[in-house]
Amino acid sequence: MGTDRMKLVTKQTVTQKFAQSVAFMEQARNLFLSFLYWHSIVPYRLGLIFFLVVGLSSCNSLPSSGLNGVNLKIGTNVTPIREIKPKQDNQAIVYIQGQVEKQAPLMKQWAYQINDSTGKIWVVTNQKNLAKGAQVVIKGKVRYRSIPLAGKELGEVYLEEE
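Described below are features of the structure shown in this document. This is a predicted model, so every value here is computed, not measured.

1. A word on the overall build of the protein
The helix and strand inventory of the protein stands at two helices and eight strands. For the protein, the sequential pattern of α-helices and β-strands runs α-α-β-β-β-β-β-β-β-β. Long-range pairs, those at least 24 residues apart, make up 51% of the contacts in the protein between residues at least 6 apart in sequence. With the model as given, the accessible surface of the protein reaches about 12400 Å², and the carbon-plus-sulfur share is 61%.

Right, dumping it as C-alpha cells:
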C-alpha cells in the first residue's frame, strides 16, 4: 500500500511539474511573440514616418525663390552662362547653375557672381544666405544695363532672380 501511495504522489508531482513547465513555456512563447511583434516592421515604419515628417517640415525654411543644392542638375533647362548674350530680350527667363564666387550687398538685395566654367554672371536676388563656394541653381530674367562711358559701351548682362 505504501508503494502505491508513493507512486500516486510521484505521479501527481510529475504531473504538477509538467503543468508548470507547460504554463512557463506558454508564457515564454507569448512574451517572445509580443517581442517579435514590437520589434518587427511596425516600429521601423513609425520611425520612418517620424523622420519624413521632420525632414519635410525642415525644408520649409529653404528660400522659395531659388533652388540650392550640391550637384543639382535640372538637365536641358540649365543655360550655360556663355550663351547669355547682351542683346538677348530682357524678358527671357533662364536657369543657371554654378558656384558663388563673389557677393556684394545692395540696398535691399544682394548680388552674387556665379561661375559655371563657361563664364561668369552677376545675379541680383533677395537671398542673403548664399556663401562663397556654394553650388546653386537660380532662375532669373536676363537684364542688360547700358553704361556708356567716354564713347564706349561698358554695360553688362545680369540676372534678376524670379
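Having seen the structure, we can now continue with the description.
2. What to know about the nonpolar core
Membership of the largest hydrophobic core comes to 16 residues, with the highest contact counts inside it found for Ile96, Ile114 and Ile121. Elements with a contribution of two residues or more to this core: strand 2 (93-105), strand 3 (110-115), strand 4 (120-125), strand 5 (135-145) and strand 8 (156-161). With near-sequence residues (within four places) excluded, Ile121 lies in contact with Ile81, Ile84, Ile96, Tyr112, Gln113, Ile114, Val157, Tyr158 and Leu159.

3. Some words on the pattern of salt bridges
Within the structure shown, the criterion is met by two salt bridges. Note that Glu101 and Lys120 form a salt bridge whose closest N and O atoms lie 3.3 Å from each other. Of the two residues, Glu101 sits in strand 2 while Lys120 sits in strand 4, which places them 19 residues apart along the sequence. According to the relative accessible area criterion, Glu101 is partly exposed, its value standing at 31%.

4. Some words on the environment of Lys139
For Lys139, the position within the fold is in strand 5. On the basis of relative accessible area, Lys139 is assigned to the partly exposed category, the value being 30%. Separated by 44 residues in the primary sequence, Lys139 and Tyr95 have C-alpha atoms spaced 4.4 Å apart. When near neighbours in sequence (up to four residues on either side) are disregarded, Lys139 contacts Ile93, Val94, Tyr95, Glu161 and Glu162.

5. Brief notes about the pairing of strand 5
The side chains of a regular strand alternate, residue by residue, between the two faces of the sheet. The pairing of strand 2 with strand 5 spans seven bridges and is classified as antiparallel. Its bridge partner lying in strand 5, Gln97 is registered against Val137.

6. Regarding the environment of Tyr158
Turning to its location among the elements, Tyr158 is positioned in strand 8. Taking the C-alpha atoms as reference, Tyr158 lies 5.9 Å from Ile121; in sequence the two are 37 residues apart. Those residues within four positions of Tyr158 in sequence are excluded, and the remaining contacts are Ile121, Trp122, Val124, Lys141, Val142, Arg143, Tyr144 and Arg145.

7. Observations regarding the pairing of strand 2
The pairing of strand 2 with strand 3 spans six bridges and is antiparallel. Along strand 3, the bridge assignment pairs Ala104 with Ala111. Taken together, strand 2 and the strand that follows it, strand 3, pair antiparallel across an intervening segment of four residues.

Rules and cut-offs
Residues numbered from 1 in each chain as written. Predicted model: local features only at pLDDT ≥ 70, side-chain atom pairs only at ≥ 80, totals over all residues. Heavy atoms only, no water. Helix = DSSP H or I, 4+ residues; strand = E, 2+ residues; numbered from the N terminus. Contact = heavy atoms within 4.5 Å. Areas by Shrake-Rupley, 256 points an atom, 1.4 Å probe, with all protein chains shown as cover. Core = buried A, V, L, I, M, F, W, Y, C linked by side-chain atoms within 4.5 Å. Buried < 20%, exposed > 50% of the residue type's maximum accessible area, 1.4 Å probe, protein only. Salt bridge = Lys/Arg side-chain N within 4 Å of Asp/Glu carboxyl O. Pairing = 2+ DSSP bridges.

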